[in-house]
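So the chains spell out like this:
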Amino acid sequence: MSTTAKPDWTDRVLELTVGPIAHGGHCVARAVGPDLAPPPGRVVFVRHALPGERVRAVVTEDSGGSYCRADAIAVLHAAPERVTPPCPWARAGGCGGCDFQHVDPAAQRTLKAAALAEQLRRLAGLDRAIEVEELPGGPLGWRTRVRLAVDDYGRPGLRAHRSHDVLPIADCVLAPPGLLGPVLEQRFPPGSQIEVVRDADGARHVFPVETDEAGVERVRQRAAGREWRLSAGVFWQVHPALADTLAAVVGDWAAAPTGGTAWDLYGGVGLFAAVLAEQVGPRGSVTVVEASAQSVADGRAALADLPQVRWCTARVEDAVGSLDSTPDVVVADPPRRGLGRDVAAAIAAHGPQRIVLVACDPAALARDVALLAEHGYALTQLRAFDAFPMTHHLESVALFEPVRGSW
C-alpha cells in the first residue's frame, strides 16, 4: 500500500503571481511549475504582497496540508498601490502588528472592503457592496493602547509575526509620538507583558497585563458626552475616534423608544448603555450583561446618575436565556469569535424589533448574519470603519430587523 508524502516547502523560495486579498492580511496565490512537488496549484497565503503583483516569496509555515504560508521578499512587478512602509519592521520576518504598511491608505480600505464582502458572500450568501470609512487622524499615531512583550533580558518590544520572538523596536509609528519611547528604555520582569495607554488627557499609563493591583491611577476616557475612569486592563477602544463613532451609529440604529427596554450584551463599561439610557429615559430599562467584574464596577461608577441602567455580571452565554424582560432593541458587542449559534438563537427568541451588532472580525460577522437569518432577522444596514489603519482589521456595525411576517 503506497502513501503520498505530505509536502514541506518551508524555507523554499517561490515565484508567484498574487491573486485576491483574503481575510487575515494576506493575499492568495497558487504555486505552479514543473519543479514543484504535488499538489499542483497549491494555495499559498502571501503577506506583504498585493493583488496582481509578481513576487518572490519565502515559505514560512507548511504543515503539509492544502496550503502554506509565505512572505514576499522581492517584488518583480509592483502594483500601483504599493508604497514604501514607514516602519523598517514592516517586512518579511518583521513585526506581526502591521499587514498593510506597503499599501496606500486608500487602497488599504479597498482591500478591507473586498475581504468583508468576500466573507459575506461565502458564509452568509449575501452579495453586498462594502465601503470601509476612514476615521479622523490619519493612518499613523492612532494606537492609544499598546501591549508590549518582554524578552528574556527584560527588554520590552513587539512580537514577530506568528511567533513568540520579541523584536527590539525603538518605537512604533502606530502609537502617538512620545508614548512608547520612555517605556522601551525601561526593564521589566522577563517573560511578562505590559500595557501602555494614552488617555483622553494625553497622560501615559503603564500597567502589567492581568494585574490585580489596587489603588492605581485610573485611566480617563471620554465618549458620548461622558467620562469614564477605568481600572488597569479594562477594555476601551484603541482608536481615539472609534468610541464616539460607534456610540453615534449604535444610537442612531437602536432608536430605543421612550419608556422602552434595551439590552447591552458584552456591554463592557457601558458605552452603549449610556446612549440607550438617554433614549429610553428614566421610565425605561437598560440591562447590561458583562463578564468582567471590574468593567461592571467602573461602568456603575460612570453611569451612577442613570438608575434605569441595571448591571448583570455574567457571561452572556449563561445569562441571555434567563433575562426576564422583553427587549425592544438588543445591542451586542461580542469578542472576536462573534455571537455564535446559541447566543444568536437566544436573542432572536426574545423577538426584539432591532438587533445592533458591533463586530471586529469579518468572518465572525458573516457567520452571525447567516445565523440570525435562520431565525428570521435580515441584515438591513451595515457600516464598516478603518479603525486599525496599516493592519487588516476593521470594525463594523450591523443592523438586523425581523423579516416581514416573521413576528
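What comes next concerns the included structure.

### A few points about the packing of aromatic side chains
Part 1 of the argument: A complete count under the given rule lists 3 aromatic pairs for this structure.
Part 2 of the argument: For the cation-ring pair, R42 lies above W9, with the distance from its terminal atom to the ring centre recorded as 4.9 Å.

### Quick word on the sheet that holds strand 4 (residues 54-61)
Part 1 of the argument: Taken in spatial order, the 5 strands line up as 1-2-3-5-4 and close into a barrel, and their pairing is mixed. Mean inter-strand twist for the sheet, computed between neighbouring axes without regard to direction, equals 50 degrees.
Part 2 of the argument: With 5 bridges connecting them, strand 1 (residues 13-22) and strand 4 associate as antiparallel partners. Paired with E15 across the strands is R56, a residue of strand 4.

### As for the pairing of strand 5 (residues 67-77)
Side-chain direction in a regular strand flips from residue to residue, so the side chains alternate between the two faces of the sheet.
Part 1 of the argument: Bridge count for strand 3 (residues 42-47) against strand 5 is 5 bridges, and the pairing is parallel. By the bridge assignment, V43 is partnered in strand 5 with Y67.
Part 2 of the argument: Bridging between strand 4 and strand 5 involves 7 bridges; their strand directions are antiparallel. Bridge pairing in strand 5 links A57 to A72.

### Some details on the pattern of salt bridges
Part 1 of the argument: Throughout the structure, instances matching the rule amount to 22 salt bridges.
Part 2 of the argument: The residue R155 makes a salt bridge to D151 at a minimum N-O spacing of 2.8 Å.
Part 3 of the argument: The salt bridge involving R220 is made with D201; its shortest N-O contact spans 3.9 Å. Of the two residues, R220 is situated in strand 12 (residues 219-223) and D201 in the loop between strand 10 (193-198) and strand 11 (204-208); the sequence distance between them amounts to 19 residues.
Part 4 of the argument: Judged by relative accessible area, R220 falls into the partly exposed class, the value being 28%.
Part 5 of the argument: The structure contains a network of salt bridges with shared partners spanning D201, R220, R222 and E227.

### Examining unusual backbone geometry
Part 1 of the argument: Look at H48: it is not a glycine, yet its phi comes out positive at around 60 degrees.
Part 2 of the argument: Looking at the element boundaries, H48 is found in the loop between strand 3 and strand 4.
Part 3 of the argument: Since its relative accessible area comes to 9%, H48 is described here as buried.
Part 4 of the argument: Although it is not a glycine, R162 sits at a positive phi angle of roughly 50 degrees.
Part 5 of the argument: The residue R162 is located in the loop between strand 8 (156-159) and strand 9 (166-167) in this model.

### Observations concerning helix 7 (residues 340-349)
Owing to its 3.6 residues per turn, the α-helix aligns residues three or four sequence positions apart on the same side.
Part 1 of the argument: Among all positions in helix 7, only V343, A344, A346, I347 and A348 are buried.
Part 2 of the argument: In the core, the buried residues of helix 7 are packed alongside strand 14 (261-265), helix 6 (316-319), strand 17 (329-332), strand 18 (354-359), helix 8 (362-374) and strand 19 (377-386).
Part 3 of the argument: Downstream of helix 7 by a residue or two, G351 has a phi angle that is positive, lying close to 65 degrees.

### Some thoughts on the side chain of T287
Part 1 of the argument: Looking at the secondary structure, you find T287 in strand 15 (residues 285-290).
Part 2 of the argument: For T287, a relative accessible area of 6% puts it in the buried group.
Part 3 of the argument: Beyond its immediate stretch of four places on either side in the chain, T287 contacts A262, W263, D264, R310 and L323.

### Focus: the state of the cysteines
Part 1 of the argument: Applying the stated criterion across every chain, the model contains 0 disulfides.
Part 2 of the argument: Residue C27 stays outside any disulfide, its sulfur separated by 15 Å from that of C68, the closest cysteine.
Part 3 of the argument: Judged by relative accessible area, which is 2%, C27 ranks as buried.

### A short note on the sheet that holds strand 19
Backbone-to-backbone hydrogen bonds join strands into a sheet, with any given pair of strands oriented parallel or antiparallel.
Part 1 of the argument: Across the sheet, 8 strands lie side by side as 6-19-20-18-17-14-15-16; this open sheet has mixed pairing. Edge positions in the sheet fall to strand 6 (132-134) and strand 16 (309-313), since each has one partner strand and no second. When strand polarity is set aside, the average angle formed by the axes of neighbouring strands in this sheet is 20 degrees.
Part 2 of the argument: One ladder, built from 4 bridges, connects strand 17 with strand 18; its direction is parallel. Each residue of the ladder has a partner; that of V329, found in strand 18, is R354.

### Remarks on the environment of H164
Part 1 of the argument: Following the sequence through the fold, H164 ends up in the loop between strand 8 and strand 9.
Part 2 of the argument: Residues H164 and A107, spaced 57 residues apart in sequence, show a C-alpha to C-alpha distance of 30 Å.

How each quantity is defined
Residues numbered from 1 in each chain as written. Predicted model: local features only at pLDDT ≥ 70, side-chain atom pairs only at ≥ 80, totals over all residues. Heavy atoms only, no water. Phe/Tyr/Trp six-rings, centres within 6.5 Å; stacked < 30°, edge-to-face > 60°. Lys NZ or Arg CZ within 6 Å of the ring centre and 35° of its normal. Pairing = 2+ DSSP bridges. Helix = DSSP H or I, 4+ residues; strand = E, 2+ residues; numbered from the N terminus. Axes fitted to C-alpha atoms, helices over the stretch in contact; angles between N-to-C directions. Salt bridge = Lys/Arg side-chain N within 4 Å of Asp/Glu carboxyl O. Buried < 20%, exposed > 50% of the residue type's maximum accessible area, 1.4 Å probe, protein only. Contact = heavy atoms within 4.5 Å. Disulfide = S-S within 2.5 Å.

This is a description of form; function is not addressed.
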